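Single-letter residue listing:
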Amino acid sequence: MIKRGYPSMAATIYGVRSFFLLAAIVILLSGRSGGATAATRGYIKYKDPKAAVEERVEDLLTRMTLPEKLGQMCQVDRFNFSFYPPATRHEIFTKYLIGIVLSNPYDTGANPSKRVVEANTMQKLSLSTRLGIPLLYAIDAVHGHNTFINATIFPHNVGLGATRDPDLVKKIGAITALEVRATGIAQAFAPCVAVCRDPRWGRCYESYSEDPKVVTMMTESIMEGLQGNAPYVADFKTKLAGCAKHFVGDGGTVGGINENNTVADNATLFGIHMPPFEIAVKKGIASIMASYSSLNGVKMHANRAMITDYLKNTLKFQGFVISDWLGIDRITTPPRANYTYSIEASINAGIDMVMVPFQYIEFLEGLTKLVNGGYIPMSRIDDAVRRVLRVKFSIGLFENPLAEETLVAEFGSEAHREVAREAVRKSMVLLKNGKTNVDKVIPLQRNVKKIVVAGAHANNMGWQCGGFTLTWQGFNGTGENIGRNKAMQLPTGKTRGTTILEAIMKTVDHTTEVVYVEEPNQDTSKLHADAAYTIVVVGEAPYAETQGDSTTLSIAAPGPDTIRHTCGSGMKCIVVLVTGRPLVIESYLDTIDALVVAWLPGTEGQGITDVLFGDHPFTGTLPRTWMKSVTQLPMNVGDKNYDPLFPFGYGIKT
């Protein structure tokens, strides 16, 4: 009889045999695997730089919680970190798990080393989290590292389009990448690949041309400079992740009104506005930014047919799609009228990362509720995070998360400025040279008794550089007195460069008297009747985006009076236009001896005098049609009723 509570002999023997059998199997397997078990103990594939990128992405994705995933889809402004109390600002990364930061166009910098330290401080907080996913830091760098004092500032894209020189543009991309990396930043919101079809648009200077062939050529070149000739980034230490913007049709809005509706049939959409994005995807652009504008009445931030069906599924774009600043808020009218709807519509349309940039807690809470409620499928979240991680792995962030100060010496170097100077002179377009074919004015004589330089634009670094320089809307003067910066305790200071006036004074003979008249009056021509000639510099004041929309395209005051009191009063005059687009100038032409377009040349004004005084020839040609009046707009090369003042591609060579 077997007593209850005690095992039988058979059970005991069976248990002992099972134990030894299991032990033998363990020993056998350990012996067969040898050192491999020890080597693979604690192996984490996503941390293995030798593993394939896609394998690393999938391994990390399977380990992530929902909050960790959503943090990778949220971009916040650096100011959140800089101006939050030190005791709580770390929570941006350690609690809310934010995966990407940007510096906005007002975020003026002055000290590259200091920005590297701050970038690394934020990065170390990201690395301290459970999975240690590195932070991606981005900035607008649209004509050089344009928010930093003493950076090399290149001509805006419209001027680069006038060069028709893709090799030069590639060099500019490479220099921009070096100077941005020197400040600890790994992504640039560039290039802008818009095809501007109406110069009334306030962002037209960000477009290389009205011709998609020119824009596509320049897109390919600037990408090779920024990212290198490889998908995403060829060399993490010297290259950047790029961002083609703004998808799609932002340059074709009705009336040239910023953020307006673009009405386009398939021929217009795919023949004019899409080609630059197609080449960007083919070349491996890291990210693409959605446009504020609408396409045939559908807001691009909510346009699933274009973002998911065409960009991702048809073109096979593998990077991430990012919103513009508060871009999803503007899906509704007025903005944020239904923020929950905006989140749902944008994410389901295919937006992978949202530039919030401040109210990130509200965004994350709203997104979490939509996912948990089944309104946004987890497959959509995984697709978005997969794309973000793919870029982070591909550009080497996991292996090289911390920025180095080794590139600081490259920042604003003389070699970089020489390339910018070359870009300025190659972008200059000569529209008129003499009132007749036999009285050519250019090249100018430098060994004369006296010359006059007239106009406020001649000696104003801010106006010379245009918008998106130091601040969003640009600045007036040297950079030493920017009111908004002082109010926000942001850096100010004279940014290095050469104004047009300074360039002229360096170029003419040391015996030549140079008289500068900032604002000529009716007595100017009499007072300086002995001047050999007058260089008149007029144009536009700086602007960006909607603030630059114009229905008149007039020369900014007091420019018209400056021309009238010089050229119109019998002085031999050379007019230099500092402008981001064609302006209405036909009524002044008869009084002008020579007319030159300098576009928005940036910091290296010496490039202007290089061609004015004949050290280098004029080679630039118009990247856009120059209209007679705004009533003709929009008017582009190839249009049926094409009657310009100066046609696309025009430019006198010397």
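Residues numbered from 1 in each chain as written. Predicted model: local features only at pLDDT ≥ 70, side-chain atom pairs only at ≥ 80, totals over all residues. Heavy atoms only, no water.

- As recorded in an unreviewed UniProt entry, the protein goes by Beta-glucosidase and comes from Brassica campestris.

## Comments concerning the overall build of the protein
Right, so step 1: From N to C terminus, the protein includes 23 helices and 17 strands.
Right, so step 2: Nonlocal contacts in the protein, meaning residues at least 24 apart in sequence, comprise 79% of its contacts between residues at least 6 apart.
Right, so step 3: Once the 66 positive and 62 negative side-chain charges of the protein are each reduced to a mean point, those two points are 8 Å apart. (Helix = DSSP H or I, 4+ residues; strand = E, 2+ residues; numbered from the N terminus. Contact = heavy atoms within 4.5 Å. Lys, Arg positive; Asp, Glu negative; His and termini not counted. Charge placed at Lys NZ, Arg CZ, Asp CG, Glu CD.)

## Overview of unusual backbone geometry
Right, so step 1: Cis geometry marks the peptide bond from Ala-190 to Pro-191; its omega dihedral reads 10°.
Right, so step 2: Along the chain, Pro-191 falls in the loop between strand S4 (187–188) and helix H10 (212–227).
Right, so step 3: The peptide bond linking Phe-247 to Val-248 adopts the cis configuration, its omega dihedral lying at -10°.
Right, so step 4: By the secondary structure assignment, Val-248 is in the loop between strand S5 (243–247) and strand S6 (261–262).
Right, so step 5: Unlike most non-glycine residues, Gln-489 shows phi in positive territory, near 60°.

## Points about the pairing of strand S2 (residues 100–103)
Right, so step 1: Neither face of S2 is open: one carries Ile-100 and Leu-102, the other Val-101 and Ser-103, and all of them are buried.
Right, so step 2: In terms of strand pairing, strand S1 (residues 74–77) meets S2 through three bridges, oriented parallel. Across the sheet, residue Asp-77 finds its bridge partner in S2, namely Leu-102.
Right, so step 3: Bridge analysis of S2 against strand S3 (residues 136–139) gives four bridges, and the strand direction is parallel. Its bridge partner being in S3, Ile-100 is matched across the sheet by Leu-136.
Right, so step 4: Handedness of the crossover joining S2 and S3 through helix H7 (residues 112–127) is recorded here as right-handed. (Buried < 20%, exposed > 50% of the residue type's maximum accessible area, 1.4 Å probe, protein only. Pairing = 2+ DSSP bridges. Right-handed = clockwise from strand over helix to strand, strands pointing away.)

## A word on the state of the cysteines
Right, so step 1: Following the criterion strictly, the structure yields two disulfides and no others.
Right, so step 2: Bridging Cys-567 to Cys-573, the disulfide has an S-S length of 2.0 Å. In this structure, the disulfide formed by Cys-567 and Cys-573 twists by about 120° around the S-S bond and is classed as right-handed. Each member of the pair, Cys-567 together with Cys-573, is buried.
Right, so step 3: Counting only the cysteines that take part in disulfides, in the order they occur along the protein, gives the pairing 1-2, 3-4. (Disulfide = S-S within 2.5 Å.)

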